[in-house]
Amino acid sequence: MSDVHVQLLDLACGAFLLTGVLILWRSELAKIVTLFALQGVALAALIAVLGAHEGSAELLAVAAGIGALRAGVLPSLLRRALAASGERRETKPIVNVAASLVAAAVLALLAYAVCQPVIRLAPTPATQAAPAAMTVIFLGFFVLATRRRALSQVVGFLLIDNGITAMAFLTAGGLSPVVEIGVSLDVLLAVLVLQVLTTRMRAAFGGTDLDELRELRD
Amino acid sequence: MNLLFPGALALCALASLLAALPPARMRSALAGTVLAGAGATALAAGVAAMTGRTWSAWLPDLLPLAGVRLELDALGGLFTAVTGGVTAAAAIYSIGYARHAPRTAQILVPLFAAALLLVPAAASVSTFLLLWELMAIASLLLVLADHRARPAVRSAGVWYAVLTHLGLVAILGGLAAFAAAAGGESFAELRRADVNEATAIGVFLATFAGFASKAGIVPLHVWLPRAHPEAPSHVSALMSAAMVNMGIYGIVRVGLDLLGGGPRWWWLVVLAAGALSALHGILQAAVASDLKRLLGHSTTENMGLVLIGVGAAGFFEASGERALAALALAAALLHVINHSAFKTLLFLAAGSVLHGTGTRDLDALGGLRERMPVTTAVFALGALCASALPPGNAFVSEWLMLQSLIRSLPDGGVSAAVVMPLAVAAVALTAGLSAATFVKALGTGFLARPRSAEAERAHEAPPSMLAGMALAGAACAALALGPTLVLPGVADVTGQVLPGRGPATDGAYLRAAASSLSPVLIAAALAVTAAALLAVLRALAMRRARRAARLWDCGAGPMTARMEYTATSFAEPLQRVFDDVLAPESDVEVTHVKESAYLVDRVRFQAAVPDRIEHRLYAPAIALADRLGRASRGLANGSVHRYVGYGFAAFAVTLIVLAVTG
Amino acid sequence: MIGAAAQVVLIGVGSPFLVGLMRQVRARLEGRAGAGIAQPMRDLRKLLRKEPIAPHGTGWPFRAAPLVLAATALVVAAVGPFATTDSPLDPAADLFAVTALLALGTVALALGGLDTGTAFGGMGASREMTVMALVEPTILLAAFALSIRVGSTNLGQIAASVAEDPLSVISPVSLLAAVALIIVTMAETGRIPVDNPSTHLELTMIHEAMVLEYAGPDLALIEWASAMRLTVLLGLFAGLFTPWGITLALPLALAVFAVKVAVLGALLAAAEVFMAKLRLFRVPELLAGSFLLALLAVAASFFLERA
């Protein structure tokens, strides 16, 4: 890989990671959706850099598709859900923001540690950026585990998916386009289902605080 | 033959006699002077041992079976020298401070000092354990010195007695297993022995737990902030500046020297314990409002920092980076020396405050700057040193420690890459919080206006106490400005301790690192700049004398001392920031006027920051022990016959077991 | 030697103008005319002419604090890699040492504030020390991240290595560390969103509460020192991330430095217009975020830079 490619790849990974971290940081739901869209752009850029390096038109097409879905379609769906819900902020997350950020720092180091075997297999610049993708997966789980609003949950889920996609492209040169398209459609479907669920929840409880679901247990 | 060390011990014995025999009014002066001489001699003996003139003795008849084996080598010499220095300052101070102390306490102080001097010189397991216990008992009795005056002392004594003996059990078990596996009990034999891995792990973990409890390492620290403040202040200084060091000595001696290093995970455990202690200690200190308790928590913090260095040294050693290991260990040992210097100073100053005002509650102090100018000045020096700011001495050792942690990275492997940044962050947060803590201690305790009648009546300490503090202060200043005076000695010690003992060129890295920072230069630059500024300002703007003026009171009339910020209010933002970690408890009780529920008659507010580890870990353990004790009461119904019967049964069972298995 | 002296003179004289420039940028963006960039200098002159004051009950810590604050700022101005990397105080030109020196100034001022024995002094000191304690880990980790490539924490060496290879600045490590250091700079110099330098509402003040009792020449010294700290921190930022021009001849290097700091200051002031001050207890979130970025910078230096 040429120096320019490596540097661009690193930058894309940095942006990918940074948007993930910022999602954890901000509490306005609208900002979170914007950041998620930006992360989609970073992911697309990442794949595009890989594609440009390999000179593969297929990868470039996949990059365009992923960009359109993750930076365009999904955020606009989320925005619509947000407008309908009337909720503005992630109030009172289970772990407060400062502690979440410190936890994220530890998660990043953990991701670095667990990715070492993968990197040792094929130490290319692309695999060496794998910990960034791993960190985003961890952050997605963390958001799922600690945030209350349904929209944050969806974003957490999507973060995991973004992370997995990035991981796949960084370590294995990507899945075949068919699989990738199939997975992306699954994600789209899941988001639609979650949106329906959110609407139902709001109709039943008047809010989307997931802790309210506990009442269903009895 | 180096006769300084036995001389120091003899002087300690003499001091003890002088505290017992002469008439009461001369005791403290005589014993204090002689003990100071003993301290100075021990300092010289330690330095001599560090420079290669070691001392050893073999007294086969003193102890049955094993005999007493003593050897003061370079590592032991360093700790003996530190103890000697602390003893000298504390002894001079005690001339004035302990004038009215009970005779037992005065007799015990020199014995305690002697035990502290001897522990690093022990060269066999039995000798070491004996001296260790002597040190523990002497300090325990000294903690209990004031038990008639304050009931809190008794509870502190119980905590200390239990934990120090649990620690002793752990050390005893570990070292006994080590000696059994090695087939000999002198340290020389242990060093040569080749024990199998499982034994080595057991020995290391057991002794680490025991030594950590002496050094006040989390989670075995609970006795420290209780016992250290309750002892008389010169004893607090000896405990906090010399006795805790013995825990570090034990870890270095057993882990690095006798066991010869070990796998990396041992040292990661040490490093993690150190980082946890540093953060826990300084957080507790930041919210403490009892001056001596604050200093006790700060001891936990500093021992934690030292352990970070020791852990890093062991880690680098196990990774094969000898030069870095030497750097980290030297930083840790230098921090031991620095901590002893400033902690002696701070505890002695706290003793003066207690002597001059009768209180050590920071919320009730203040205004000591005018009433106790010398004490305030030396406390300020100690606070500067303790908060790791230039030109203080702790800055140098923490700087070295950070250098060693940072340089590890390029090829340290995964665990280094994960652990070292976190360790750097822990050291940095500790440094920041310690600055806040000591600004609080100095700013609310000594500056501003007195917050209580006791503080209003404060008076300066007598000359002997001031002299003791001045000695400790001079040591701080010397260490701060001239770390290069002690660093070569420390480098030699690290060269001898680290397994594989290479040639003395190991210190080269250290010297290179040390020469890239010049504390003298920083201090001089600051002093020159400040003086130049003052001169320019005098010439330009301050030709007129300062005019006295009122403080800004929002136009509401003169402010009272009750409106000042107290230590508790100073720490409130920090307490809020670390709310999740500290879990403070507060309680508001509002009493309404009888006639109306809307008018408030009185508001009572109570807040406390309990030690969370103690809460979560020790309370259940104590409850369990309590339950077991109650359950076993059925065995003891008061009948003497029954008790004799138990003894007989145990005796018979033992014999049967021996007969069957033998 | 001459270089260091020139740096000190430039920072000493220029820093009030930097503050003036930042105020002017803000004023223009807010639609005001502004007082001109020389106004802070005129304020200093006015304060210096006033008579010195000794408020009741204050002592040597109160008197010494402005001197210590100014002295630390001047020493840092002398050692930093602003226009030259060969400082006569090279052993002090270490990132840790510089951080600690600036912290020493803060501590001195906090003690001065506490010495007055007023509620405001204590309040300001307490808040300032809280912010400082939380800022420390970020600075050291960012320093760590920057020092890995160079193998040293010496400022001159870091700057020189970046000057040799200017493209290395656009790596994730540098960018993350830069963002972390910007946040830290805003916190250390008491700018929005951590503190508002132009507020005089006691309950929200940090820095201004601490120096409430200072007047006349003492206040002049503090204002001057604060301006220098701002300049020095922006200068360090410029020196670490954009050390272009540091290798030029001295007069040119000084001019480049002045331009860089002026641009940075103007950008900072412009950004402030769009921000509101955070509540004091939201500040830890901001600092935790900057800590995270600094740690990521360190992590990134392993997982991205070993290619």
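The structure displayed is predicted, hence computed values, not measured ones. Within each chain, residues carry numbers counting from 1 in the order of the written sequence. Just so you know, chain letters begin at A and ligand numbers begin at 1, following the order they were written in. Predicted model: local features are reported for residues with pLDDT of at least 70 only, side-chain atom pairs are reported and counted for 80 or more only, and whole-chain, interface and lining totals are derived from all residues. Computation of side-chain values: all heavy atoms of the structure, hydrogens and water removed.

**Some words on the packing of aromatic side chains**
Phase 1 of the analysis: Centres within 6.5 Å are what make two rings of Phe, Tyr or Trp a pair, Trp counting through its six-membered ring; a difference in plane orientation under 30 degrees is then read as stacked, over 60 as edge-to-face, and the rest as tilted. One pass over the full model with this rule turns up 17 aromatic pairs over all chains.
Phase 2 of the analysis: When the ring of B:Phe204 is compared with that of B:Phe208, the centres are 6.0 Å apart and the planes differ by 0 degrees; the resulting orientation is stacked. Taken together, the residues B:Phe204 and B:Phe208, both in helix H8 (residues 197–215) and 4 residues apart, mark about one turn of the helix.
Phase 3 of the analysis: Throughout this description, buried means an accessible area under 20% of the type-specific maximum (1.4 Å probe, protein chains only), exposed means over 50%, and partly exposed covers the range between. Residue classification places B:Phe208 among the buried positions, given a relative accessible area of 9%.
Phase 4 of the analysis: Three or more aromatic residues joined by ring pairs form one cluster here, namely B:Phe128, B:Trp132, B:Phe187 and B:Phe211.
Phase 5 of the analysis: By definition here, charges over rings are those cases where NZ of Lys or CZ of Arg is within 6 Å of the ring centre and within 35 degrees of the ring normal. The lysine or arginine in question, B:Arg226, covers the ring of B:Trp159, its NZ or CZ lying 4.4 Å from the ring centre.
Phase 6 of the analysis: In this arrangement the basic side chain of B:Arg576 is found over the ring face of C:Phe281, its NZ or CZ atom lying 4.0 Å from the centre. Secondary structure elements are taken from DSSP: a helix is a run of H or I of four residues or more, a strand is a run of E of two residues or more, and numbering for both begins at the N terminus.

**Comments concerning the nonpolar core**
Residue and element names in this part refer to chain B.
Phase 1 of the analysis: Ranked by internal contacts, the top residues of the largest apolar core, which has 382 residues, are Phe128, Ile248 and Val310.
Phase 2 of the analysis: Of all the elements, helix H13 (residues 322–357) adds the most residues to this core, at 22 residues.
Phase 3 of the analysis: Whether two residues touch is decided by their heavy atoms; if any such pair falls within 4.5 Å, the residues are in contact. Ile248 has contacts with Phe79, Ala215, Met303, Val306, Leu307, Val310 and Val336, leaving out every residue within four places of it along the chain. Definition used in this section: a nonpolar core is a set of buried Ala, Val, Leu, Ile, Met, Phe, Trp, Tyr and Cys residues joined via side-chain atoms within 4.5 Å.

**Overview of the packing of helix H5 (residues 125–143) of chain B against helix H10 (residues 233–258) of chain B**
All names here are of chain B.
Phase 1 of the analysis: Their axes nearest at 12 Å, the elements H5 and H10 cross at an angle of 155 degrees. In terms of orientation, H5 and H10 fall into the roughly antiparallel class. Helix-helix and strand crossings are classified by hand; for H5 and H10 the assignment is left-handed. Residues Phe128, Trp132, Met135, Ser139, Leu142 and Val143 of H5 form the contact with H10, whose participating residues are Val235, Met239, Met243, Met246, Gly247 and Tyr249.
Phase 2 of the analysis: Looking at side-chain class alone, the contact of H5 with H10 contains 10 nonpolar, 2 polar and no charged residues. Every axis corresponds to a line fitted to the C-alpha atoms, with the helix fit spanning only the stretch in contact, and the corresponding angles, defined between N-to-C directions, vary from 0 to 180 degrees. Here is the rule for angles: anything less than 35 degrees is roughly parallel, anything more than 145 is roughly antiparallel, 65 through 115 is roughly perpendicular, and the remaining ranges are oblique. Should the near helix be turned anticlockwise from the far one by less than a right angle, the crossing is termed left-handed; should it be turned clockwise, right-handed. Side-chain classes follow a simple rule in which Ala, Val, Leu, Ile, Met, Phe, Trp, Tyr, Cys and Pro form the nonpolar group, Asp, Glu, Lys and Arg form the charged group, and the remainder, Gly included, forms the polar group.

**A look at the interface of chain C and chain A**
Phase 1 of the analysis: Taken residue by residue, the interface counts 24 residues in chain C and 23 residues in chain A.
Phase 2 of the analysis: In short, buried area is how much 1.4 Å probe accessible area vanishes from two parts on joining, totalled over both. Approximately 2100 Å² of surface area, both sides summed, lies buried where chain C meets chain A, with 77% of it carried by carbon and sulfur atoms.
Phase 3 of the analysis: Each reported salt bridge corresponds to a side-chain nitrogen of Lys or Arg within 4 Å of a carboxyl oxygen of Asp or Glu. Across the chain C-chain A interface, the total number found is 0 salt bridges.
Phase 4 of the analysis: Within 3.5 Å is the distance limit for a polar contact, defined as a pair of N or O atoms, with the added protein rule that one can donate a hydrogen and the other accept it, and that residues adjacent in sequence qualify only through two side-chain atoms. Here chain C and chain A share 0 residue pairs in polar contact (both at pLDDT 80 or more) between them.
Phase 5 of the analysis: Within the residue set of the side of chain C that touches chain A, elements represented by two or more residues are helix H7 (172–188) and helix H11 (283–303) of chain C.
Phase 6 of the analysis: With 14 residues, H11(C) is the single largest residue contributor to the side of chain C that touches chain A.

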